[in-house]
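# Coordinate inspection notes
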Amino acid sequence: MATYEEYIQQNEDRDGIRFTWNVWPSSRIEASRLVVPLSCLYQPIKERPDLPPIQYDPVLCTRNNCRAILNPLCQVDYRAKLWVCNFCFQRNPFPPQYSAISEQHQPAELMPMFSTIEYTITRAQCLPPIYLYVVDTCMDEEELGALKGFLANVT
Ligand SMILES: [Zn+2]
């Protein structure tokens, strides 16, 4: 049996994601009281050969200023065919193509094993990827110079 620290490391290795907190705040008040903001470091284009790409568009939260994507951390009411966004707590109906959804018949995006999903978007206009590099400059000049040179060559 793995320790909690080993479990977190295993998830980081698998998904390429590291969170500042490993639990989600249960309310906006609780989120506002976090000393360190909830955030994550994400390794883009992380290979997940164990999971196939999803060949349909993601289900988005209906709140216009949210647009979060349905994920395994959302609460789901299978009888009412609703899901609750875990970012803004908006109650969202499932789209018609999810009418057969049940606890035994779940889409990939609700399965815990799909902790990351690669969608192949069919309808939306695909824009080229945008990369944002955040560089911690607390290092010696030589190391920072080498990092600047590396980043200048990969961009
Ligand atoms: Zn939302």
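Below or above, wherever it landed, is the structure these notes cover. Here the structure is a predicted model, which means the values were calculated and not measured.

## Examining the coordination of the zinc ion
Taken together, the protein ligands of the zinc ion are Cys-61 (SG), Cys-66 (SG), Cys-85 (SG) and Cys-88 (SG), with distances of 2.2 to 2.4 Å. Around the zinc ion, the four donor atoms are arranged such that angles at the metal cover 100 to 114 degrees; this shape is classified as tetrahedral.

## Focus on unusual backbone geometry
Phi is positive for Arg-67, close to 60 degrees, though the residue is something other than glycine. In this structure, Arg-67 sits in the loop between strand S2 (40-42) and strand S3 (75-77). Accessibility expressed as a relative area gives 44% for Arg-67, which makes it partly exposed.

## So, the nonpolar core
Counting 13 residues, the largest nonpolar core has Leu-70, Trp-83 and Phe-94 as its most contacted members. In this structure Leu-70 touches Val-59, Trp-83, Phe-94, Tyr-98, Glu-109, Leu-110 and Tyr-119, once residues within four positions along its chain are discounted. Among the nonpolar cores identified, the runner-up in size contains five residues, and Leu-51, Ala-108, Phe-114 and Tyr-119 belong to it.

## Remarks on the side chain of Asp-15
Tracing the backbone through its elements, the reader meets Asp-15 in helix H1 (residues 4-15). With relative accessibility at 8%, the residue Asp-15 sits in the buried group. A distance of 2.6 Å separates polar atoms of two side chains, one belonging to Asp-15 and the other to Arg-48. Only 2.8 Å separates the side chain of Asp-15 from the side chain of Ser-115, close enough to count as a polar contact. Ignoring sequence-local partners within four residues, the contact set of Asp-15 consists of Lys-46, Arg-48, Ser-115 and Thr-116.

## A word on the sheet that holds strand S4 (residues 82-84)
Whether parallel or antiparallel, the strands of a sheet pair through hydrogen bonds between backbone atoms. Spatially, the three strands line up as an open sheet ordered S3-S4-S5, and their pairing is antiparallel. A strand with exactly one partner marks an edge of an open sheet, and here the two such strands are S3 and strand S5 (91-93). Strand-to-strand twist of the sheet, defined as the mean angle between neighbouring strand axes without regard to direction, takes the value 25 degrees. Pairing of S4 with S5 involves three bridges; the strand directions are antiparallel. Counterpart to Trp-83 in the pairing with S5 is Asn-92.

## As for the packing of aromatic side chains
Counted according to the given criterion, the structure contains two aromatic pairs. Ring geometry for Phe-94 against Tyr-98: centres 5.7 Å apart, planes inclined by 15 degrees, an arrangement best described as stacked. With relative accessibility at 9%, the residue Tyr-98 sits in the buried group.

Parameters at a glance
- Residues numbered from 1 in each chain as written.
- Predicted model: local features only at pLDDT ≥ 70, side-chain atom pairs only at ≥ 80, totals over all residues.
- Heavy atoms only, no water.
- Donors = N, O, S within 2.8 Å, 3.2 Å for Na, K, Ca; no water.
- Tetrahedral: all angles 85-135°; square planar, octahedral: opposite > 155°, others 65-115°.
- Helix = DSSP H or I, 4+ residues; strand = E, 2+ residues; numbered from the N terminus.
- Buried < 20%, exposed > 50% of the residue type's maximum accessible area, 1.4 Å probe, protein only.
- Core = buried A, V, L, I, M, F, W, Y, C linked by side-chain atoms within 4.5 Å.
- Contact = heavy atoms within 4.5 Å.
- Polar contact = N/O pair within 3.5 Å; in protein donor to acceptor, adjacent residues only side chain to side chain.
- Pairing = 2+ DSSP bridges.
- Axes fitted to C-alpha atoms, helices over the stretch in contact; angles between N-to-C directions.
- Phe/Tyr/Trp six-rings, centres within 6.5 Å; stacked < 30°, edge-to-face > 60°.

Structural measurements only, silent on function.
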